[in-house]
Amino acid sequence: MSQPAYTLEFPRVTLTVSKTRNPAVTLLSAMIYALAVSVSRSPSALLLASILPAMMLKGFPPRYLARLNVMNAVMILTLALTWPDFSDGFRTGMIIALRVNMICVVLGGMLRPLGTGGMYEALCGLRVPEKLRVLVILTLRGIYTLRERYESAIISVRLRAPGLSGLMRLKVFACMMGMILLQSSARSENMTRAVKCRGGFAGFMQGGNSAMNARDWLCVSGTAVYAVMIAVMNLA
Amino acid sequence: MHISEGILSGGVLAVGWAGTVAGVSFGLKRTNPDRIIQTALISSAFFLASLVNVRIGPSSTHLTLLAPMGLILGQAVFPAVLVALLLQAVLFGFGGLAVLGANTVVMGVPALAVSMIFGRAVRVATGRGRVAVLSFMAGTLAVMMGAGIAGIMLWMTDADFAGAVKLLLVAHVPVAVIEGVVTAFLVMWLKKSAPEFLS
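Just so it is clear, the model here is predicted, and its values are computed rather than measured.

1. Some remarks on the interface of chain A and chain B
Then, number 1: Each partner contributes to the interface: chain A provides 73 residues, whereas chain B provides 69 residues.
Then, number 2: Roughly 6300 Å² is buried in total at the junction of chain A and chain B, and carbon and sulfur atoms are behind 78% of that figure.
Then, number 3: Taken together, chain A and chain B are joined by six residue pairs in polar contact (both at pLDDT 80 or more).
Then, number 4: Looking at the side of chain A that touches chain B element by element, the count peaks at 21 residues for helix α8 (residues 166-197) of chain A.
Then, number 5: Partitioned by chemical class, the residues of the side of chain A that touches chain B number 48 nonpolar, 14 polar and 11 charged.

2. So, helix α1 (residues 10-30) of chain B
Residues and elements named next belong to chain B.
Then, number 1: In this model, α1 (21 residues) spans 30 Å end to end at C-alpha, consistent with the 30 Å of a helix rising 1.5 Å per residue.
Then, number 2: Residues V12, L13, G16, T20, G23, V24, G27 and L28 constitute the buried set of α1. Within α1, the buried residues cover an arc of 125° as seen down the axis, which keeps them to one side. Exposed positions of α1 whose direction lies more than 90 degrees from the buried face are V21 and K29.

3. Considering helix α4 (residues 62-82) of chain A
Residues and elements named next belong to chain A.
Then, number 1: The terminal C-alpha atoms of α4 lie 30 Å apart, and with 21 residues this matches the ideal 30 Å at 1.5 Å per residue to within 8%.
Then, number 2: Taken as a whole, α4 has its buried residues at Y64, L65, L68, N72, M75, I76, L79 and A80. The buried residues of α4 all sit within an arc of 130° when viewed along its axis, so they share a single face. In α4, those exposed residues whose orientation departs by more than 90 degrees from the buried face are R63, R67, V70, M71, V74, L77 and L81.

4. Notes on the packing of aromatic side chains
Then, number 1: Evaluated as defined, the whole model comprises two aromatic pairs over all chains.
Then, number 2: Seen from their ring centres, A:Y33 and A:Y226 are 6.1 Å apart, and the 15° between their planes marks the pair as stacked. Of this pair, A:Y33 sits in helix α1 (residues 23-38) while A:Y226 sits in helix α9 (residues 214-235), and the two are 193 residues apart along the sequence.
Then, number 3: Relative accessible area serves as the criterion here: at 2%, A:Y33 is assigned to the buried category.
Then, number 4: Their ring planes at 85° and their centres at 5.1 Å tell us that A:W83 and B:F161 sit as a pair that is edge-to-face. Of the two residues, A:W83 sits in the loop between α4 and α5 (86-111) while B:F161 sits in the loop between α6 (128-157) and α7 (162-193), which places them in two different chains. When sorted by exposure, A:W83 lands in the same class as B:F161, which is buried.

Cut-offs applied
- Residues numbered from 1 in each chain as written.
- Chains lettered and ligands numbered in written order.
- Predicted model: local features only at pLDDT ≥ 70, side-chain atom pairs only at ≥ 80, totals over all residues.
- Heavy atoms only, no water.
- Contact = heavy atoms within 4.5 Å.
- Buried area = accessible area lost by both parts, 1.4 Å probe.
- Polar contact = N/O pair within 3.5 Å; in protein donor to acceptor, adjacent residues only side chain to side chain.
- Helix = DSSP H or I, 4+ residues; strand = E, 2+ residues; numbered from the N terminus.
- Nonpolar A, V, L, I, M, F, W, Y, C, P; charged D, E, K, R; others polar.
- Expected span 1.5 Å × (residues − 1).
- Buried < 20%, exposed > 50% of the residue type's maximum accessible area, 1.4 Å probe, protein only.
- Arc of directions from axis to C-beta.
- Phe/Tyr/Trp six-rings, centres within 6.5 Å; stacked < 30°, edge-to-face > 60°.

By themselves, these observations are geometric and do not establish any function.
Below, the structure is given as structure tokens:
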């Protein structure tokens with residue numbers, strides 16, 4: 001049986017909201033950690049930075065980690081072969097792979113449980129402009145709305161033209177995309193009218209208790225201190 | 001075309017964030033509040049289209065669709081790219097947070113540039129051949145420009161990345177051609193069925 005011309009690779013997502021801490025703190029802390037690790041090169045700094053991901057590794061999907069490291073292996077090989085010196089390139093590749101693993105484990109552990117509501121609250125807490133917040137939420141809503149349309153369009157293409165090949169495959173993809181764009185435009189006009197009827201974007205979606213208090217700032221400061229320690233070890 | 005976390009230096013990450021803040025501020029200022037919903041739904045359509053795995057010969061690829069995004073969204077493309085990359089990072093674990101600024105520049109600048117260079121020409125073009133050639137050029141240029149910006153960022157991080165950058169550019173040539181073809185078909189379809197999309 002021939003392979004399908006298109007498949008929609010829509011990963012599983014978490015839609016729950018974490019209530020344990022302020023999402024803005026989580027987002028900010030994750031970002032500070034990622035920045036600190038991104039600029040670390042020395043073994044001692046990387047060792048210090050590995051404490052947090054080591055604590056979060058339990059419960060991290062091993063399949064995702066395996067897939068990530070397949071890509072890392074390709075990257076290490078590419079750097080080793082293209083670097084002026086093979087061993088230097090290999091070493092640089094290994095350091096990058098280690099950093100990628102640490103950051104991905106921490107981001108996965110901290111951000112995925114946030115879910116969509118948590119992310120919106122995080123953006124509110126970080127004082128992101130309302131236009132951008134509305135854009136985030138509506139884009140997310142659109143993804144779920146239009147996902148079904150894509151899936152049915154792909155099934156339709158598979159049924160009507162199973163043996164697509166060459167330029168025709170790209171042409172059909174472009175036409176499918178065009179039709180979904182038209183549907184999304186029609187849907188957006190209806191949504192705009194509905195929003196206007198309800199009084200516009202004023203208070204479109206209220207972020208919960210998202211303002212950062214002293215305890216939240218203390219948590220962020222803790223992460224910042226950890227990041228500074230990593231940076232100091234890196235310089236040393 | 002994503003740059004992974006942990007590769008770029010602190011300076012390059014900072015430059016990426018500065019570029020993103022400037023581009024997003026410009027885009028948000030130029031976006032009419034009445035068009036926010038349309039922008040959001042169109043960017044969702046592009047986001048999902050980039051998740052569709054298109055089989056090409058023995059391999060398969062995900063398209064970036066930067067040029068159609070630029071041609072349709074115009075100046076609102078920068079915030080749309082940032083939102084798409086943020087959602088990919090937070091919900092699906094693709095890309096990253098520290099590198100979000102750099103990746104937004106890698107994908108947003110070509111989309112905006114294509115909209116500025118080819119937007120008007122594509123709108124006023126009449127013959128099918130002329131529309132196809134212009135949109136093919138737009139699609140190809142957007143991918144190569146994105147790969148070029150990613151390459152510059154890698155080279156700024158460490159000059160020894162030069163070999164990898166050359167490989168990156170060469171590897172993107174077939175992707176650019178495929179994107180050019182898809183852009184040409186899509187723009188020709190829109191010119192015929194819904195020309196208001198390109199205005």
